[in-house]
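Report on the structure
One-letter residues, chain by chain:
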Amino acid sequence: MSAEVVSFRRDFKEELLQHVVYAEADSVEDAKIMSMLFDGKSGVSTNPGKMDAIFNKLLADSKVKEALKVIEDVSREDESSEEETMYPSLENLFAAIDNACATVTNDRPYFRKWVNKAHQQLISEDFVFPENSTIRGKPDFVLAEMPRPHSGEPVVEPKAGGVRWRQCSAFLEIKSTRRLSPHANPAHRARIIKETLAQGADYARLILNARPFQLYVYGIFFCGDTWCLAYFDRRGVVLGHDISIFDSKGDLAEDSFAKFVRVVLRMSWEMSLEQLGHDPTVTLLDGHAYYDQTYPQFLVNVHTDNGETEEVCTYGTPVWSSLSLIGRGSSVYRAVSRSSPGNSVVILKNAWRSVSRHHEAYFYKCIDQFYNRPGETRPAGVARLLFGGDVKLDNGEWLSVKAIRGGGPFAIEDEEDVGLHRVVVKDYGKPLWSCTSPVELARAMLMALDAHQSLSKKGLLHCDISAGNILIRQHAQYIPGATPHSDEIVAQHDSEPVQGFLMDFELASLRADDEDPFQTSLVTSVPSNKKVPGRPITGTAIFASTGLLEAITKRKTIPRTSDQDVESFAWVFIFSLYRMALSDATYPASDRERLEEEFQRLFSAINLNDILDNRVRAFHLTGREHHPGISSLCGYLKNEVLRHSVVYIWYFLFHIQPQPPVSDAEFNPLIANDPQYAQDKTTPVLDVHFEQKLRKGLETIIKGRLPATPGPA
């Protein structure tokens, strides 16, 4: 397991502490989690006669007997016993369940397979951080969507291509002993999350990331000779009680084993996508499936505030997909609006929001109100809302965690609830790092920065500047295809001149001392020792200002400011340059390896303390290298103006850190002879107006020449 994963799970445990429901044996909670699995369509698993036939076949199967013997032997050993010896046994058991079921029915509506991935990495389609695929963990078994086999043949894993994360709707994790169960001692549950549970929650998070339209995820923990069912959603975990498949005498507990067989069969044969957690307001297009080599397309319902339902069709992989479990879970897609004339090309945003916050469409309407006055011009660098609203179920109820869980033992309080919200913006664009040149990147960044500053003066703070929230505007056309995967969105050309636009105002806040066009002012500071459901105050952590990250790790309450957002713009700019460089196929492999290592040091961390530590280390490199912390990036940038401008921005980024780790003099080998620095070095370092410095650096890149070195005083 990578150090990054270990570090993340350490912090993940703290996040989970207040978000786990432990079900005891024979409790209403335990009955509820099992009933959730078996609600809905009937099938073999709910037919006692057919289940008896299946169970009898399993008990007579020599491979099943052998598997159970291995499980019993391993579970009787201490923690040093190897769980790997259980993998083939579980694999044989799953195959036997499939075969036995096939002998009692020909009715199989869904084709899934429990696939052993203990020694093979799942294929990641990380849309923003493709380099991070190597640091992801992997479950021992995944429930993978598979193509329908030829009549009479078993469901098998494809020989080529492997299994993708997006094929997985559930997982099973194995431990060698019941002492490694995810259940913490009842006396310690208020302060301890066991490693096994954090591991499972991590896998659920990765499935939700790969399947952005998944509402919740089921998991099974098989620890020694016990197993339990788990349910993961955007407000936490519901954990069924541990069930032993052997009694105290070592004999098979047939009822407990039969229940495990029913669960395995139910999930792989009978449950629809929706019953396994897929959003019922989103459907796969005809001819598309999660197991396709090409990323599938979806038809998405968007419910508007005026009660109408619009349809959009996604195209291609997400532009962005969140890696959070308890949080917003936001995703961004290129899409086509089927409700607009000519199938307009648009951007779709899908996210969970707290009931305590205004929804994102509200903030877009605020922006329209700001500039709907004589003499006001709406910034071109702000995305324009087409339609949006909270997602509704067929009964008209908001699609929220509370609605999904229902009443009873897992019900959550209204103030803790989070629900789905969607917005569709008229603008279409490509990621910043897809630009054709650094000049195009600088123009896009500058336009988005101008829009941000204009909104800040109106009293609206974005609070989540990230690489996924700034796009380069494009003019595009949708061309329907005659067969699945043959339709196209053709980006005809970028806007001329190049335009960047800012979107995703979900975390925006109106300053309390500024005018709210709808007279519903919001506070801008959030107590960091109180988790606000659906509103992580960092936004996207790797781009958040250092001061904000430090406050969160120290549990301090601080106000949100425009300066914090501007610092995030600088991190986005540096990030985008790295992504451009890493996509350059002409760059020598040895240099590319160093560049990727440097990029990973700055941007791969998934733990707040690691992000802070990486930034400190990057700035501490100043005394040892000519290009502090970004030497490989500067080595790639052959254009002198670009390289000088990047170092100029980095220099002032260093000086707005809460506690600069090195002295100003250590920058002198590079900075002292920089014309831009020569003009600005008289500015007191602790009084840096970073927005001006960032703007100046971007403008210099656009102009393509350095300013003249000032003469003697």
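Scroll up to find the structure.
Values in this document were obtained by computation on a predicted structure and should not be read as measured data.

1. Quick word on the overall build of the protein
Of the regular secondary structure elements, the protein holds 19 helices and 23 strands. The long-range fraction of contacts in the protein, counting pairs at least 24 apart against all pairs at least 6 apart in sequence, stands at 73%.

2. A few points about the pattern of salt bridges
A complete count under the given rule lists 30 salt bridges for this structure. A salt bridge links Glu125 to Arg166; the shortest N-O distance between them is 2.7 Å. One end of the pair, Glu125, is in the loop between strand 2 (112-116) and strand 3 (141-145); the other, Arg166, is in the loop between strand 3 and strand 4 (168-175), and 41 residues separate them in sequence. A single network of salt bridges, built from pairs that share partners, joins Arg328, Lys349, Glu360, Asp464, Asp504 and Glu506.

3. Quick notes on the packing of helix 12 (residues 562-582) against helix 16 (residues 640-655)
Axis separation between helix 12 and helix 16 bottoms out at 11 Å; the angle between their running directions is 140°. Regarding the angle of helix 12 to helix 16, the classification is oblique. Every pair of crossing elements has a handedness; the one defined by helix 12 and helix 16 is left-handed. Residue-level contacts link Glu567, Ala570, Trp571, Phe573, Ile574 and Leu577 of helix 12 to Val646, Ile649, Trp650 and Leu653 of helix 16.

4. Focus: helix 14 (residues 608-620)
For helix 14, spanning 13 residues, the distance from its first C-alpha to its last is 19 Å, which sits close to the expected 18 Å at 1.5 Å a residue. Among the residues of helix 14, those classed as buried are Asp610, Ile611, Leu612, Asn614, Arg615, Ala618 and Phe619.

5. Quick word on the pairing of strand 6 (residues 226-233)
The two faces of a sheet get side chains in turn, since along a regular strand they alternate between them. Counting buried positions along strand 6 yields eight of eight residues, so the element is predominantly enclosed. Alternating positions in strand 6 separate into two faces, Thr226, Cys228, Ala230 and Phe232 on one and Trp227, Leu229, Tyr231 and Asp233 on the other, with burial throughout. With seven bridges connecting them, strand 5 (residues 217-223) and strand 6 associate as antiparallel partners. What sits directly across from Gly219, in strand 6, is Ala230. Counted along the chain from strand 5 to the antiparallel partner strand 6, the turn is two residues long, and its residue Gly224 has a positive phi close to 65°. Here strand 6 runs beside strand 8 (residues 243-244); their pairing, made up of two bridges, is antiparallel.

6. A word on the packing of aromatic side chains
Applying the stated criterion across every chain yields a total of 34 aromatic pairs. Measuring from ring centre to ring centre gives 5.5 Å for Phe575 and Phe599, while their planes differ by 45°; the resulting arrangement is tilted. Within this pair, whereas Phe575 is found in helix 12, its partner Phe599 is found in helix 13 (residues 589-603), the two being separated by 24 residues in sequence. Across the pair, exposure class does not vary: Phe575 and Phe599 are buried alike. Aromatic ring contacts, followed pair by pair, group Trp433, Phe543, Trp571, Phe575, Tyr578, Phe599, Phe603, Phe619, Trp650 and Phe654 into a single cluster.

7. Notes on the pairing of strand 18 (residues 470-479)
For strand 16 (residues 429-431) and strand 18, the ladder comprises three bridges, and the chain directions are antiparallel. Looking at the pairing, Pro431 lines up with Leu471 of strand 18. Here three bridges tie strand 18 to strand 20 (residues 500-502), and the two strands are oriented antiparallel to one another. Across the sheet, Ile470 pairs through a bridge with Leu502, a residue of strand 20.

8. Describing the packing of helix 3 (residues 48-60) against helix 7 (residues 254-270)
Running from N to C, helix 3 and helix 7 cross one another at 110°; their axes reach a closest spacing of 11 Å. Our classification of the angle between helix 3 and helix 7 gives roughly perpendicular. The residues of helix 7 that touch helix 3, namely those facing Met51, Ile54, Phe55, Leu58 and Leu59, are Glu254, Phe257, Ala258, Val261, Arg262 and Leu265. In terms of residue class, the contact of helix 3 with helix 7 is made up of nine nonpolar, no polar and two charged.

9. Things to note about the sheet that holds strand 10 (residues 298-303)
Pairing is antiparallel in the open sheet, where seven strands are placed in the order 9-10-11-12-13-15-14. Every interior strand has two partners, whereas the edge strands, strand 9 (282-284) and strand 14 (385-390), have only one. Going from strand to strand, the sheet's axes swing by 30° on average, the running direction of each strand aside. Inspection of the sheet shows strand 13 (residues 344-354) paired to strand 15 (residues 418-425) by eight bridges, in the antiparallel sense. Directly across from Asn350, in strand 15, lies its bridge partner Arg422. The strands touched by helix 8 (residues 360-370) within the sheet are strand 13, strand 14 and strand 15, with strand 15 carrying the most contacts at an inclination of about 40°.

10. Let's talk about the nonpolar core
Membership of the largest hydrophobic core comes to 94 residues, with the highest contact counts inside it found for Phe505, Phe573 and Phe603. Ignoring any residue separated from it by four or fewer positions in sequence, one finds Phe573 in contact with Leu441, Met445, Val646, Ile649, Leu698 and Ile701. Core analysis: the second largest hydrophobic core is formed by 60 residues, Phe38, Phe94, Leu229 and Met267 among them.

What counts, and at which threshold
- Residues numbered from 1 in each chain as written.
- Predicted model: local features only at pLDDT ≥ 70, side-chain atom pairs only at ≥ 80, totals over all residues.
- Heavy atoms only, no water.
- Helix = DSSP H or I, 4+ residues; strand = E, 2+ residues; numbered from the N terminus.
- Contact = heavy atoms within 4.5 Å.
- Salt bridge = Lys/Arg side-chain N within 4 Å of Asp/Glu carboxyl O.
- Axes fitted to C-alpha atoms, helices over the stretch in contact; angles between N-to-C directions.
- Parallel < 35°, antiparallel > 145°, perpendicular 65-115°, else oblique.
- Left-handed = near helix turned anticlockwise from the far one by under 90°.
- Expected span 1.5 Å × (residues − 1).
- Buried < 20%, exposed > 50% of the residue type's maximum accessible area, 1.4 Å probe, protein only.
- Pairing = 2+ DSSP bridges.
- Phe/Tyr/Trp six-rings, centres within 6.5 Å; stacked < 30°, edge-to-face > 60°.
- Nonpolar A, V, L, I, M, F, W, Y, C, P; charged D, E, K, R; others polar.
- Core = buried A, V, L, I, M, F, W, Y, C linked by side-chain atoms within 4.5 Å.

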